[in-house]
Amino acid sequence: MKRVPVHILAAGLAGLVGLSSVPALADDLVVGAAISLTGGLAYADVPAQKGMQLAIDEINAAGGIGGKYKIELKLKDSRSDPAQTSVAAQELIDDGASVLVTPCDADPSIGAGQMAQAAGVAAFSTCASSPSLPLAVGDHMFTNFPGDNVQTTVSAKYAIDSGYKNAYILLSPDTAYTTLPNYFKTVFEKLGGKVVGEDNYSMGQQDFSAQVTKIKSLSPAADVIMTGAYEPDFPAFIKQLRAAGITAPVIGSDGIDSPTTFALGDVAEGVVFSTAGFAAPGSSLEAFNNKYKAATGSDPDTIYIAIGYDLIKVLEAAVLKADSVDREKVWAAVRELENVQGATSTITYKGTDGVPLRQVALVKVVKGNRELVLQEAPDPALVPAPKL
């Protein structure tokens, strides 16, 4: 997933747990997390770490995985920097990590994942959604979020089903994640739509006047606008778009599932975005949200908390299947996992290339709250192949 130009985000660090210096026992599952506790990716990695810790606390309080294997979380701040991520990853592997967790973006995860690959350690990104990440690293790299090509397949079909015929896409070549509108374009046009305009932007760009002017002059006009931009780029773009009087509906991606989006007020009204789940009544995510509030006193304010919880539940299932915390045995077990129940949905890795099979939710911003549009797994025949 997602990288913005680095800015320090220290909020939320106070009280982080999992930093114990107590040596792990031989039968502990040591999870080494080289993730972004500061910098531009902290908005996703810090919440994911909170969800991971909740799952770890539950499992350890019950006696460990299968009553046998406790989990130790070792954290190192990768500072949202690819080079620092690689340094932290190697230190954690050398320190005995059975599993490596990498940041919520493909770019820093590739170098760290290659180190895990060489050491025979299974590596999971907290929430990178680039389907090309496992292809770039190898068979020990896994993602933990619906792939960009899966999310955009659901979004493009929704756009067609909503009667939109002409689309404009806004993308950035700066990261793999922000090129995901290309997947949307492939599916939208396959289903009969037409992309009538597209533009690139630079991450960190705050002036979108050129793009807004182009959108306003399109003929035929765009019925829908799709982008993979996220903060701080998405807030700047949507504010300038609406200030120019452009009312076309906007479809975004999971990167805008953050408190920032819901604090934008009227300019974000009606924005639809794809994400990993929705807390519908009676759902597993509603149950998780209630559990999280009971444990912390606060409602979860982003899906990334539940995604972190999901990651640990996958590891729990793998250790149960392997009946071991051996690095290679855990990795082999992950590749055979089917229908693991997480907080957001069931999760399957068997038969995949490291990108899990799971549902996608489309959510609409309505008066600063989330409203479910639909939740489904797309037709596999529509999903575009990953692009390296």
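What you see is a predicted model, and the numbers here were worked out from it, not measured in a lab.

Caption draft 1: Representation of the side chain of Glu316. For Glu316, the location among the structural elements is in helix α11 (residues 304–322). Beyond its immediate sequence surroundings of up to four residues, Glu316 is in contact with Ile59 and Ile65.

Caption draft 2: The arrangement of the nonpolar core in detail. Formed by 106 residues in total, the largest nonpolar core has its most connected members in Leu29, Phe124, Phe184, Ile225, Leu241, Phe288 and Ile312. No other element matches the twelve residues that α11 contributes to this core. Aside from chain neighbours lying at most four places away, what touches Leu29 is Ile65, Lys70, Ile71, Glu72, Ser98, Val99, Leu315, Val319 and Val325. With 16 residues, the next largest nonpolar core counts Ala34, Ala89, Ile93 and Val121 among its residues.

Caption draft 3: Looking closely at the pattern of salt bridges. Applying the stated rule across the entire model yields 13 salt bridges. With a shortest N-O distance of 3.5 Å, Asp199 and Lys214 are connected by a salt bridge. Residue Asp199 is found in strand β7 (residues 194–200), and its partner Lys214 is found in helix α7 (residues 209–217); the two are separated by 15 residues along the sequence. For Asp199, a relative accessible area of 18% puts it in the buried group. Judged by its relative accessible area of 32%, Lys214 falls in the partly exposed class. Between Glu336 and Lys350 there is a salt bridge whose closest N-O contact spans 3.9 Å. A residue pair is termed long-range when its members are at least 10 positions apart, and Glu336 in the loop between α12 (327–334) and β11 (340–341) and Lys350 in the loop between β12 (346–347) and β13 (360–366) qualify at 14 residues. Connected through shared salt-bridge partners, Glu336, Glu338 and Lys350 make up one network.

Caption draft 4: Expanded view of the pairing of strand β10 (residues 272–275). Side-chain alternation along β10 places Val272 and Ser274 on one buried face and Phe273 and Thr275 on a second face that is also buried. Pairing of strand β9 (residues 250–252) with β10 involves two bridges; the strand directions are parallel. Each residue of the ladder has a partner; that of Gly252, found in β10, is Phe273. The pairing of β10 with β13 spans four bridges and is classified as antiparallel. Following the sheet pairing, Thr275 is matched in β13 by Ala361.

Caption draft 5: Region of the structure containing the side chain of Thr348. Positionally, Thr348 belongs in the loop between β12 and β13. Residue classification places Thr348 among the buried residues on the basis of a relative accessible area of 9%. A polar atom in the side chain of Thr348 sits 2.9 Å from the backbone nitrogen of Asn339. Setting aside residues no more than four positions away along its own chain, Thr348 makes contact with Leu337, Glu338, Asn339, Pro356 and Leu357.

Caption draft 6: Layout of unusual backbone geometry. The linkage connecting Ser219 with the following residue, Pro220, adopts the cis geometry, with an omega of 5°. Among the secondary structure elements, Pro220 is positioned in the loop between α7 and β8 (224–227). Residues Glu231 and Pro232 are joined by a peptide bond in cis, for which omega reads 5°. Mapped onto the secondary structure, Pro232 falls in the loop between β8 and α8 (233–243). Positive phi, close to 55°, is recorded for Asn339, a residue that is not glycine. On the secondary structure map, Asn339 appears in the loop between α12 and β11. Here Asn339 falls in the exposed class, since its relative accessible area comes to 54%.

Cut-offs used in this document
- Residue positions are counted from 1 within each chain, in the order its sequence is given.
- Reporting of local features is limited, given that this is a predicted model, to residues whose pLDDT is at least 70; pairs of side-chain atoms are given and counted only at 80 or more, and all residues count toward the totals for whole chains, interfaces and linings.
- As a convention, hydrogens and water are excluded, and side-chain values are obtained from all of the structure's heavy atoms.
- Numbering of helices and strands starts at the N terminus; helices are DSSP runs of H or I of at least 4 residues and strands are runs of E of at least 2.
- Residues count as neighbours in contact if any of their non-hydrogen atoms are within 4.5 Å of one another.
- The nonpolar core is taken to be a set of buried Ala, Val, Leu, Ile, Met, Phe, Trp, Tyr and Cys residues, with the residues joined through side-chain atoms within 4.5 Å.
- Here the term buried applies to any residue with accessible area under 20% of the maximum for its type, exposed to any over 50%, and partly exposed to those in between, with areas from a 1.4 Å probe on protein chains only.
- We define a salt bridge as a side-chain nitrogen of Lys or Arg found within 4 Å of a carboxyl oxygen belonging to Asp or Glu.
- Two strands form a pair only when DSSP identifies at least two bridges running between them.
- Between N or O atoms, a polar contact is any pair within 3.5 Å; within protein, one atom must be a potential hydrogen donor and the other a potential acceptor, and residues adjacent in sequence are included only when both atoms are from side chains.

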